[in-house]
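An overview of the molecular structure
Given next are the chains, with one letter for each unit.
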Amino acid sequence: MFISSFLALATILVPPLHAGEKKQETRVLIMLGPPGAGKGTQAAVVRDTLQIPHISTGDLLRENRKQGTELGKKAQAFMDKGQLVPDNLILDMLFARVSQEDCQKGYILDGFPRTLAQAKAYDERLGKSSKVIAINLDIADEEIIDRLTNRMVCSSCSTPYHRIHFPPKKEMTCDSCEGTLVQRADDTEKVVRNRLDVYHQQTEPLISYYESQKTLQTVVCNQSKDKITKEILSILRQSY
């Protein structure tokens, strides 16, 4: 029932064009929020509901390196020297991807931009045929720490668990395959707090930036995943 409602809403959000109609603007959905806020989860639902690409610059970088593209070779040269790949090279990869046909009605950016400099550089290259919608998933640091430090995953089948909200029936044992549950190395409290510090310093300023652009919408995450998704889709519907 819930999925069918999503599909019906998708038709409203992205109606088909008819002969002679003016082409719609490309909608760019930028997912903001701290690590563990659920950006990837929500982006995946929106991707499947609206049938628009979910683009990760990390995936683009790996794909270009794997395929040995000219951009990939340039990126590899920086990485071989232990240097960060420059923003302009990441942007070249990104715009090569979003120029493809499947991105023309819209796409989702998850994990980019991460800094104010990246956001400004992206906007300068975007052009007037696209409209940005930045959605900030708002959640307190302490809840993030609770979410991430209590996460576990099956070492055999990768089924996720949570010590408090979704515990296994048998301690540290997967319900599905009886594999051993493990905690990711980056889900310790110290590492999570460090990641949050980096987020607050580098990425949180994007909230004010997109607010000044009048493109920011905030979704409070102290509610169920389904309600968060409904709110995001409602925001997108209002943008058309």
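Residues numbered from 1 in each chain as written. Predicted model: local features only at pLDDT ≥ 70, side-chain atom pairs only at ≥ 80, totals over all residues. Heavy atoms only, no water.

Take the pattern of salt bridges next. Under the definition given, this model contains ten salt bridges. Taking the shortest distance from any N to any O, the salt bridge between arginine 62 and aspartate 59 comes out at 2.6 Å. Linking arginine 62 with aspartate 59, this pair stays in helix 3 (residues 57–67), spanning three residues, or about one helical turn. The partner of aspartate 186 in a salt bridge is arginine 184, and the shortest N-O contact between them spans 2.9 Å. For arginine 184, a relative accessible area of 41% translates into the label partly exposed. Salt bridges linked by common partners bring Glu142, Glu189 and Arg193 together as one network. (Salt bridge = Lys/Arg side-chain N within 4 Å of Asp/Glu carboxyl O. Helix = DSSP H or I, 4+ residues; strand = E, 2+ residues; numbered from the N terminus. Buried < 20%, exposed > 50% of the residue type's maximum accessible area, 1.4 Å probe, protein only.)

Ile30, Leu94, Tyr107, Leu109, Tyr122 and Tyr210 are the most contacted members of the largest nonpolar core, which has 31 residues in total. Counting only elements with at least two residues in this core, the list comes to strand 1 (26–32), helix 3, helix 4 (70–80), helix 5 (87–98), strand 3 (106–110), helix 6 (116–126), strand 4 (130–138) and helix 9 (205–212). When residues in this core are grouped by element, the largest group, seven residues, is from helix 5. Beyond its immediate chain neighbours, meaning those up to four positions away, leucine 109 contacts Val28, Leu29, Ile30, Met31, Ile55, Leu94 and Tyr122. Of all hydrophobic cores here, the second largest spans 24 residues; its members include Ala43, Leu50, Ile108 and Val192. (Core = buried A, V, L, I, M, F, W, Y, C linked by side-chain atoms within 4.5 Å. Contact = heavy atoms within 4.5 Å.)

Structurally, the position occupied by serine 99 is in the loop between helix 5 and strand 3. Residue serine 99 is classed as exposed on the basis of its relative accessible area, which comes to 51%. Placed 40 residues apart in sequence, serine 99 and isoleucine 139 show a C-alpha to C-alpha distance of 33 Å.

Shape descriptors only; they carry no functional weight alone.
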